[in-house]
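# Residue-level structural notes
Each chain, letter by letter, is given below.
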Amino acid sequence: MSNPLSDALVSTQWLADHIDAPDVRVVDASWYMPADNKNAREIYNAQHIPGAVFFDIDEIAADDSAPLPHMMPDAIKFSAKVRKLGLGDGVRIVIYGQTGSALAACRAWWMLRHFGHHDVVVLDGGLPKWIAENHPVTDAPTPPRERHFTARANSFLLREIDQVLSNVKTKREQLVDARAAERFRGEVADPWGKSGHVPGSYNLPFNVLVNADGTFKDADAIKAAFDDAGVDLDKPVVATCGSGVTACVLAMGAYIAGHKQVAVFDGSWAQWATTEDSPVVTGPA
């Protein structure tokens, strides 16, 4: 394990040692911001860890008529999609990203946990670390063998907009925003319209939790980062971001630091900013 205090990560060496185990499934769950102008599936097709299947968070998502990107699907659709990828009961799922900071790998990790699959981990450092250590990659397709997936949704790990609206008044949960500080403070134009943040929320940019090589910082450093942001990990936490992806990096970080039940606001700022009359404030937390 990369971090002895967490059961949510595995090292590249662990995967190299166990990649041929019959109960291990490897998943590339990469996704890029629109401004990156990269196609994660094309990159996967060109090179991926042997045996890996591609988990597309925009495809394994709510109905296409949904107004927001990669929203959580219902249990029936999720089960059908991951079953076809060979992901299901009784296997350890190892998820990696094409960039070291995990991003959608953490989103897929959170989604699988939401639907009751707990033997799921993220490859610490992702594909860049794997390649840097001269482990093999391939462009050969991986024909998956379907496997039954039993979905048991854990509603505690997901928050809808009405719950977040209510929390603005009750303040029962700490809302932590993973976006860059200038977006949080409303100092730059936001792609979703309104600029600023949810009243009462805290700001902890997701990249604060990772090292320069894309691996996660240790539990003490992560806890210190939450502390510095004003967040008490002994109290309920809900993570948010732009569209529900980097919020999952905060959820992973909190998990590593020992707070294993962080919820994610699925619609995040994309939903908040496009919802009429949702309150917005600017400036620091």
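Attention in this report is confined to the structure presented alongside it. Since the structure is predicted, the reported quantities are computational estimates derived from the model, not experimental observations.

## Observations concerning the overall build of the protein
Assigned secondary structure in the protein consists of ten helices and ten strands. Computed over C-alpha atoms, the radius of gyration of the protein comes to 18 Å, within 12% of the 19 Å expected from 2.2 N^0.38 for 285 residues, which places it in the range of a compact globule. Taking as baseline every contact in the protein between residues at least 6 positions apart, the subset at least 24 positions apart corresponds to 78%. Of the accessible surface of the protein, which amounts to about 12,500 Å², a share of 50% is contributed by carbon and sulfur atoms. Counting 26 positive and 36 negative side-chain charges, the protein places the averaged centre of each group 4 Å from the other.

## Digging into the nonpolar core
Of all hydrophobic cores here, the largest spans 62 residues; its most connected members are Phe 55, Phe 78, Ile 95, Trp 109, Trp 110, Phe 216 and Met 252. Sorting the residues of this core by element identifies α3 (75-84), β4 (92-96), α4 (104-114), β5 (120-123), α8 (219-228), β9 (237-240) and α9 (247-256) as the ones contributing at least two each. A per-element tally of this core places α9 first, with nine residues. Those residues within four positions of Phe 55 in sequence are excluded, and the remaining contacts are Val 27, Asp 28, Ala 29, Ile 60, Phe 78, Val 82, Leu 85, Leu 87, Ala 108 and Met 111.

## Focus: α4
Along α4, eleven of the eleven residues are buried, which leaves the element largely enclosed by surrounding structure. For α4, the full list of buried residues reads Ala 104, Ala 105, Cys 106, Arg 107, Ala 108, Trp 109, Trp 110, Met 111, Leu 112, Arg 113 and His 114.

## Details of the packing of aromatic side chains
Considering all chains together, one arrives at six aromatic pairs under this definition. Considering the side-chain rings of Tyr 44 and Phe 54, the 5.4 Å spacing of their centres and the 40 degrees angle between planes classify their relative orientation as tilted. With Tyr 44 in helix α2 (residues 40-46) and Phe 54 in strand β3 (residues 53-54), this residue pair connects regions lying ten residues apart in the sequence. For Tyr 44, a relative accessible area of 8% puts it in the buried group. We classify Phe 54 as buried; its relative accessible area is 7%. Here Phe 78 and Phe 115 contribute two aromatic rings whose centre-to-centre distance is 4.5 Å and whose plane-to-plane angle is 25 degrees, an arrangement assigned as stacked. Linking Phe 78 in helix α3 with Phe 115 in the loop between α4 and β5, this pair joins segments that are 37 residues apart in sequence. In this pair, the class of Phe 78 matches that of Phe 115, namely buried.

## Comments concerning the sheet that holds strand β6 (residues 158-159)
Across the sheet, five strands lie side by side as β6-β10-β9-β7-β8; this open sheet has parallel pairing. A strand with exactly one partner marks an edge of an open sheet, and here the two such strands are β6 and β8 (202-203). Relative to strand β10 (residues 263-265), β9 runs parallel, the two sharing two bridges. Directly across from Val 238, in β10, lies its bridge partner Ala 263.

## Digging into the packing of α8 against α9
Running from N to C, α8 and α9 point in directions that differ by 120 degrees, and their axes come no closer than 8 Å. When the interaxial angle is binned, α8 and α9 end up oblique. In the crossing of α8 with α9, the sense of the turn from one axis to the other is left-handed. In this structure, α8 uses Ala 219, Ile 222 and Phe 226 to contact α9, whose residues at the interface are Leu 250, Gly 253, Ala 254 and Ile 256.

## Some thoughts on the side chain of Gln 174
Counting through the fold element by element, Gln 174 comes out in strand β7 (residues 174-177). Residue class for Gln 174 comes out buried when judged on its relative accessible area of 10%. In this structure the side chain of Gln 174 is engaged in a polar contact, spanning 3.5 Å, whose partner is the backbone oxygen of Lys 235. What Gln 174 contacts, discounting residues up to four positions off in sequence, is Tyr 202, Gly 230, Val 231, Asp 232, Lys 235, Pro 236, Val 237 and Val 238.

## What to know about the packing of α4 against α9
Across the interface, α4 lies against α9 with an axial gap of 8 Å and an inter-helix angle of 70 degrees. The angle between α4 and α9 places the two elements in the roughly perpendicular class. Here Cys 106, Arg 107, Trp 109, Trp 110 and Arg 113 of α4 lie close against α9, whose contacting residues are Cys 248, Val 249, Ala 251, Met 252 and Tyr 255. For the contact of α4 with α9, the residue count by class is eight nonpolar, no polar and two charged.

About the thresholds
- The numbering scheme is per chain: residues are counted from 1 as the chain's sequence reads.
- Totals for whole chains, interfaces and linings use every residue, but because this is a predicted model, local features are given only for residues with pLDDT of at least 70 and side-chain atom pairs only at 80 or more, for both listing and counting.
- For side-chain calculations, the full set of non-hydrogen atoms in the structure is used, while hydrogens and water are omitted.
- Runs of H or I in DSSP of at least four residues are treated as helices and runs of E of at least two as strands, each being numbered from the N terminus.
- In this setup the radius of gyration rests on C-alpha atoms only. A globule is expected at 2.2 Å times the number of residues raised to 0.38.
- Whether two residues touch is decided by their heavy atoms; if any such pair falls within 4.5 Å, the residues are in contact.
- Using the Shrake-Rupley algorithm and a 1.4 Å probe, accessible areas are obtained, with residue cover drawn only from the displayed protein chains.
- Here the positive residues are Lys and Arg and the negative ones are Asp and Glu; neither His nor the chain ends is included.
- We put the charge of a Lys on NZ, of an Arg on CZ, of an Asp on CG and of a Glu on CD.
- The definition of a nonpolar core used throughout is a set of buried Ala, Val, Leu, Ile, Met, Phe, Trp, Tyr and Cys residues joined through side-chain atoms within 4.5 Å.
- Any residue under 20% of the maximum accessible area for its type is buried, any over 50% is exposed, and the rest in between are partly exposed; the area is computed with a 1.4 Å probe on protein chains only.
- Any two rings among Phe, Tyr and Trp, with Trp reduced to its six-membered ring, count as a pair given centres within 6.5 Å; such a pair is stacked if its planes are under 30 degrees apart, edge-to-face if over 60, and tilted if neither.
- A strand pair is defined by DSSP finding two or more bridges across the two strands.
- Axes here mean lines fitted to C-alpha atoms, for a helix over just the part in contact, with angles spanning 0 to 180 degrees between N-to-C directions.
- Orientation labels follow simple angle bins: below 35 degrees gives roughly parallel, above 145 gives roughly antiparallel, 65 to 115 gives roughly perpendicular, and whatever is left gives oblique.
- It is the rotation of the near helix from the far one that decides the hand of a crossing: anticlockwise by less than a right angle makes it left-handed, clockwise makes it right-handed.
- Under the rule applied, a polar contact is a pair of N or O atoms within 3.5 Å (in protein, one hydrogen donor and one hydrogen acceptor; residues adjacent in sequence only if both atoms are side-chain atoms).
- Residue polarity is assigned by list, with Asp, Glu, Lys and Arg as charged and Ala, Val, Leu, Ile, Met, Phe, Trp, Tyr, Cys and Pro as nonpolar; anything else, Gly included, falls into the polar class.

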